[in-house]
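# Understanding the architecture of this molecule
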Number of protein chains: 2
Amino acid sequence: MKLKVYADRMSQPSRAVIIFCKVNGIDFEEIRVDLSKRQQLSPEFKEINPLQKVPAIVDGRFKLFESHAILIYLACSFRGVADHWYPADVSRKAKIHSVLDWHHSNLRQGAVGLILNSVLAPVFGLPLDPQAAAESEKLVSLSLSKIESVSLKGNGRFLLGGFQPSIADLSLVCEILQLELLDEKDRSRILGPHKKVQKWIEDTRNATRPHFDEAHDILYKAKAKFQLQRSVAANDERESSIKKVLPSKM
Amino acid sequence: MKLKVYADRMSQPSRAVIIFCKVNGIDFEEIRVDLSKRQQLSPEFKEINPLQKVPAIVDGRFKLFESHAILIYLACSFRGVADHWYPADVSRKAKIHSVLDWHHSNLRQGAVGLILNSVLAPVFGLPLDPQAAAESEKLVSLSLSKIESVSLKGNGRFLLGGFQPSIADLSLVCEILQLELLDEKDRSRILGPHKKVQKWIEDTRNATRPHFDEAHDILYKAKAKFQLQRSVAANDERESSIKKVLPSKM
């Protein structure tokens, strides 16, 4: 029975799992769980993942959730996955676990908070929260500094000095790509100072082409939509200001 | 060269690593990094863990941080660690990864926020924040409900239906023990509704005795100290109220 991947490509860990499968020639069926329609809360999906989050996989009778755990399981279970993705060597594997663990409470926590509070909240019927967004931005910036000074400090092109990507590169780069949803000036302010991070993103993209771009297509479309909404809102605000000024001059 | 474990037993992941080593007869040297004295920020410790957090280990020339990664590394690297701690079977291992990954953004995030904002903040020169504590308490309670209804739903005594503990049991139970620092009525309100969780804590404690109690000794001493501070503060407040009332009656 073919592997089933339950995912929404708007979710960064979902994209990491999809790209990993495609790059490694793992045959799978992608089943969309539309987060904007809250499909993750449906009774059907609760049978797949009782914690009601994407991504989740079903491999025969085996069900699994949490993207890092899924990536490790796929790397260990499917033939043809090159060693660099999740090395057999205990020490190298340990370093990958360490980066992935760190990710949860740092880059991921910051990026999720930033995007939710500055872009996505209205999609889920919540108000934007600039103060929470600012707090999250601090954590994202600190995380990017740490990646640059600690994990990318070697001569390699990838995390931990590697010359080929691991599941940690894929997971973290997909997280950072979510910043595409920000207003361009905000994204530039955050990513601009981190040249090594920018190069690493490009290296990871190149190492996983064309699947990387294909999986992120939905994100770029959403980026364009949010950008248009911002332009319209800014225009409306400008017109409203002009209307407020004009009567007083007439 | 003997394994070095850099830890502060007031930190729950530090305790998990220490208990794991002791239970499994791993010979190690414990080096205290006193968080209340900010020793994790010293240049010497930055050489061990550039991210300046405990626990961290040094095994020969190999350095590692992040407690989950450390527990996995120790289970794979040291002879004599029984399979149930971190099974060789890919599917069982994947389920342990899944619980550990979930831990970061749920139980751990909630427990750290709750204890910091309701007990420990003054130790680090910060103000207590009852609103942030209340938000964190919600996440802790939700996490305990999920553990009870999802991870402990089988017939086994441990997570995922096991009859012997894994590194996931040890990590999560050490996290929950941190709630000992709360005022007793707050701790009872949070843990009271979760009978399966309470039994699981006792089962994990029993399976790792006497090392579990020994590693938590410092926590119980801190609990008594904070409880005394609360009693003194409450007493001062009562006396101050009486003084305010008395003059008006004189």
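Residues numbered from 1 in each chain as written. Chains lettered and ligands numbered in written order. Predicted model: local features only at pLDDT ≥ 70, side-chain atom pairs only at ≥ 80, totals over all residues. Heavy atoms only, no water.

### Examining the sheet that holds strand 2 (residues 28-32) of chain B
All names here are of chain B.
- As summarised here, the arrangement of the four strands in space is 2-1-3-4, forming an open sheet in which the pairing is mixed. Edge positions in the sheet fall to strand 2 and strand 4 (62-65), since each of these pairs with one other strand and no more. Across the sheet, the mean angle separating the axes of adjacent strands is 20 degrees when strand polarity is ignored.
- Inspection of the sheet shows strand 1 (residues 3-7) paired to strand 2 by five bridges, in the parallel sense. Pairing of A7 across the sheet is with R32, part of strand 2.
- Its contacts with the sheet put helix 1 (residues 12-23) on strand 1 and strand 2, and the angle it makes with strand 1 is roughly 150 degrees. (Pairing = 2+ DSSP bridges. Helix = DSSP H or I, 4+ residues; strand = E, 2+ residues; numbered from the N terminus. Axes fitted to C-alpha atoms, helices over the stretch in contact; angles between N-to-C directions. Contact = heavy atoms within 4.5 Å.)

### A word on the domain arrangement of chain A
All names here are of chain A.
- Assigned domains of chain A: these are domain 1 (3-81) and domain 2 (85-211).
- If you average the C-alpha positions of domain 1 and of domain 2, the two centres end up 20 Å apart.
- Between domain 1 and domain 2, the residue contacts involve 20 residues of the former and 20 residues of the latter.
- Interface area for domain 1 against domain 2, summed over the two sides, is near 1800 Å², with a carbon-plus-sulfur share of 70%.
- Summed over the shared surface of domain 1 and domain 2, the result is zero salt bridges.
- Listed by contribution, the elements that provide at least two residues to the side of domain 1 that touches domain 2 are helix 1 (12-23) and helix 3 (67-77).
- Among the elements that line the side of domain 1 that touches domain 2, the one with the most residues is helix 1, at eight residues.
- Counted by class, the side of domain 1 that touches domain 2 contains 12 nonpolar, four polar and four charged residues. (Domains from an automatic or database assignment. Buried area = accessible area lost by both parts, 1.4 Å probe. Salt bridge = Lys/Arg side-chain N within 4 Å of Asp/Glu carboxyl O. Nonpolar A, V, L, I, M, F, W, Y, C, P; charged D, E, K, R; others polar.)

### A few points about the nonpolar core
- With 74 residues, the main nonpolar core has F20(A), L74(A), I147(A) and W200(A) as its most contacted residues.
- Ranked by residue count, the leading element in this core is helix 4 (residues 90-120) of chain A, at 10 residues.
- Ignoring sequence-local partners within four residues, the contact set of L74(A) consists of L3(A), V17(A), F20(A), C21(A), I26(A), I57(A) and V81(A).
- Judged by nonpolar contacts, the second largest core, of 73 residues, contains A16(B), A69(B), C174(B) and L179(B). (Core = buried A, V, L, I, M, F, W, Y, C linked by side-chain atoms within 4.5 Å. Buried < 20%, exposed > 50% of the residue type's maximum accessible area, 1.4 Å probe, protein only.)

### Focus on helix 8 (residues 195-207) of chain B
- Here helix 8 of chain B spans 18 Å end to end across 13 residues, near enough to the 18 Å set by a 1.5 Å rise per residue.
- Those residues of helix 8 of chain B lying buried are V197(B), W200(B), I201(B), D203(B), T204(B) and R205(B). (Expected span 1.5 Å × (residues − 1).)

### Here's the deal with the packing of aromatic side chains
Residues and elements named next belong to chain A.
- Applying the stated criterion to the full structure yields six aromatic pairs over all chains.
- Between F62 and Y73 the ring centres are 4.9 Å apart and the planes differ by 35 degrees, which places this aromatic pair in the tilted class. One end of the pair, F62, is in strand 4 (residues 62-65); the other, Y73, is in helix 3, and 11 residues separate them in sequence. Grouping residues by exposure puts F62 and Y73 together as buried.
- The cationic tip of K225 hangs over the ring face of F226; the distance from NZ or CZ to the ring centre is 5.5 Å. (Phe/Tyr/Trp six-rings, centres within 6.5 Å; stacked < 30°, edge-to-face > 60°. Lys NZ or Arg CZ within 6 Å of the ring centre and 35° of its normal.)

### Quick word on the UniProt feature "domain: GST N-terminal" (unreviewed entry) in chain A
- UniProt marks residues 1-82 of chain A with the feature "domain: GST N-terminal" (unreviewed entry), using the numbering shown here.
- Secondary structure across residues 1-82 of chain A divides into 35% helix and 22% strand, with the first and last C-alpha atoms of the span separated by 23 Å. (UniProt positions renumbered as here; feature names shortened; annotations may be inferred.)

### Let's talk about the pairing of strand 3 (residues 56-59) of chain A
All names here are of chain A.
- Alignment of strand 1 (residues 3-7) against strand 3, held across three bridges, turns out to be antiparallel. Bridging across to strand 3, K4 finds its partner in V58.
- As defined by bridge partners, strand 3 adjoins strand 4 across four bridges and the pair is classed as antiparallel. Note on strand 4: the bridge partner recorded for I57 is L64.
- Here strand 3 folds back onto strand 4 in antiparallel fashion, the turn holding two residues, of which G60 has a positive phi close to 70 degrees.

### Some points on the interface of chain A and chain B
- Across the boundary between the two partners, chain A contributes 30 residues, which contact 30 residues of chain B.
- Buried surface at the junction of chain A and chain B, both sides included, amounts to about 2500 Å², of which 63% is carbon and sulfur.
- Counting across the interface, chain A meets chain B through zero salt bridges.
- Elements that contribute at least two residues to the side of chain A that touches chain B include exactly strand 4, helix 3, helix 4 and helix 5 (130-151) of chain A.
- Of the residues belonging to the side of chain A that touches chain B, the class tally is 14 nonpolar, 10 polar and six charged.

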